[in-house]
Amino acid sequence: MARKKKEECPSVPAWIISFSDLMSLLLTFFILLYSMSVLDVKKLMKFLWYFQGEKAFISIETVAVVPPISLLQRDIALDIKNRIKRILPMHAYQIEAIENYIVVRLFNDIVFEPDSAQLTEKSKKALIGVANSLKALDKAYSEILINGHAYVKTKGIDPWSLSIKRAVAVAQFLIQHGVNPKKISVTGYGNTKPIYVWHHPLLKRRNDRVEIFIKLRDFREDLMKEEKTKNSSESQPSNR
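Since the model is a prediction, treat every value here as computed from it, not as a measurement.

Criteria and thresholds
- Residues numbered from 1 in each chain as written.
- Predicted model: local features only at pLDDT ≥ 70, side-chain atom pairs only at ≥ 80, totals over all residues.
- Heavy atoms only, no water.
- Helix = DSSP H or I, 4+ residues; strand = E, 2+ residues; numbered from the N terminus.
- Expected span 1.5 Å × (residues − 1).
- Buried < 20%, exposed > 50% of the residue type's maximum accessible area, 1.4 Å probe, protein only.
- Contact = heavy atoms within 4.5 Å.
- Core = buried A, V, L, I, M, F, W, Y, C linked by side-chain atoms within 4.5 Å.
- Pairing = 2+ DSSP bridges.
- Patch = residues over 30% accessible without salt bridge, like charges linked within 9 Å, V, L, I, M, F, W, Y side chains within 5 Å.
- Areas by Shrake-Rupley, 256 points an atom, 1.4 Å probe, with all protein chains shown as cover.
- Salt bridge = Lys/Arg side-chain N within 4 Å of Asp/Glu carboxyl O.
- 1 Å grid on protein atoms, 1.4 Å probe; cavity = no way out; pocket = protein on both sides within 12 Å on 5 of 7 lines; lining within 4 Å.
- Points joined across faces, edges and corners; volume = space filled by probe spheres on them.
- Nonpolar A, V, L, I, M, F, W, Y, C, P; charged D, E, K, R; others polar.

Colleague: Explain helix α7 (residues 159-176) to me, and be specific about the residues and the numbers.
Modeller: Here α7 spans 26 Å end to end across 18 residues, near enough to the 26 Å set by a 1.5 Å rise per residue. Turning to α7, its buried residues are Pro 159, Leu 162, Ser 163, Arg 166, Ala 167, Ala 169, Val 170, Ala 171, Phe 173 and Leu 174. Contacts from the buried residues of α7 go to α5 (108-111), α6 (121-136), β3 (141-149), β4 (184-188) and β5 (209-216). In the stretch just after α7, Gly 178 is the one whose phi turns positive, near 100°.

Colleague: Give me the lowdown on the nonpolar core, citing residues and values where you can.
Modeller: The tendency in soluble globular proteins is for nonpolar side chains to be buried as a group. Judged by nonpolar contacts, the single largest core of 34 residues is most densely connected at Ile 146, Val 170, Leu 174, Ile 212 and Ile 214. Listing elements by their share of this core, those giving two or more residues are α4 (69-84), β2 (101-107), α6, β3, α7 and β5.

Colleague: Pulling in residues and values, what's your account of the pairing of β5?
Modeller: Within β5, 7 of the 8 residues are buried, which leaves the element mostly enclosed by the surrounding structure. Summarising the sheet, β2 and β5 pair through 7 bridges and their orientation is antiparallel. Its bridge partner lying in β5, Leu 106 is registered against Val 210. Here 8 bridges tie β3 to β5, and the two strands are oriented antiparallel to one another. In the strand pairing of β5, Glu 143 is matched with Lys 215.

Colleague: An account of a nonpolar patch on the surface is needed here, citing residue identities and associated values.
Modeller: Together, Trp 15, Ile 16, Phe 19, Leu 22, Met 23, Leu 26, Phe 29, Phe 30 and Leu 33 line one region of the surface with nonpolar side chains, adding up to about 880 Å² of accessible area. Looking at the secondary structure, you find Met 23 in helix α1 (residues 14-37). Of the residues examined, Met 23 reaches a relative accessible area of 36% and is grouped as partly exposed.

Colleague: Before we move on, can you summarise the side chain of Lys 183 with the specific residues and values?
Modeller: Mapping Lys 183 onto the fold places it in the loop between α7 and β4. With relative accessibility at 15%, the residue Lys 183 sits in the buried group. Residues within four places of Lys 183 in sequence aside, it is in contact with Asp 138, Tyr 141, Ser 142, Glu 143 and Ile 144.

Colleague: Which residues make up the layout of surface pockets, and what are the values?
Modeller: Its volume calculated, the largest pocket comes out at about 430 Å³. Of all the secondary-structure elements, those providing two or more residues to the lining of the largest pocket are α5 and α8 (201-205). The biggest single contributor to the lining of the largest pocket is α8, with 3 residues. By residue class, the composition of the lining of the largest pocket is 6 nonpolar, 2 polar and 8 charged.

Okay, here's the thing in structure tokens:
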């Protein structure tokens, strides 16, 4: 009897072929997504010029793609939170993202000595962390607004004066630890802007606070200004 010839290569299971086709399609899909995310403005203008004429080519402005402000906002807020949570308890602070601001809210019963503008030792350590974060990200924000709010029970203490003193104390401490003083402004609101209006002692306690508003720069506006300045300088005739 004739012997059966041995197969030179073992047969491949049928599912591997389907799987390899699927991987090839996925790779093609992600390459397509990447190519769509990278925009060549010159090629786009030429493409429109073919269909709409030279006017469309001239009217298009050069654009640049920058990261969304929400990503930057999230990163800065997370960095500040990681620095504060190592020192202060959770009920001593709040961090929020509102439009193009990051709000760091510090509650005065932990941050200050009772009915005074004297910072506690824990709050000083936490503010050092905030200052280090602001120094590292100096170009990411344009302004720091520090608002003081005071809700006192002791008679004879002016809430307006105390709120301003507390805001100034926080501002001075940040400046002493390297934050740019030109970007800081201070306001005191006394007891006129509560967060909570319910007569619950825990909620009323959280109205007594200092808020640090960090205004983030909009890099899209900066790029537009730079581009307009560049275009205006290029359009001016050179003096010979």
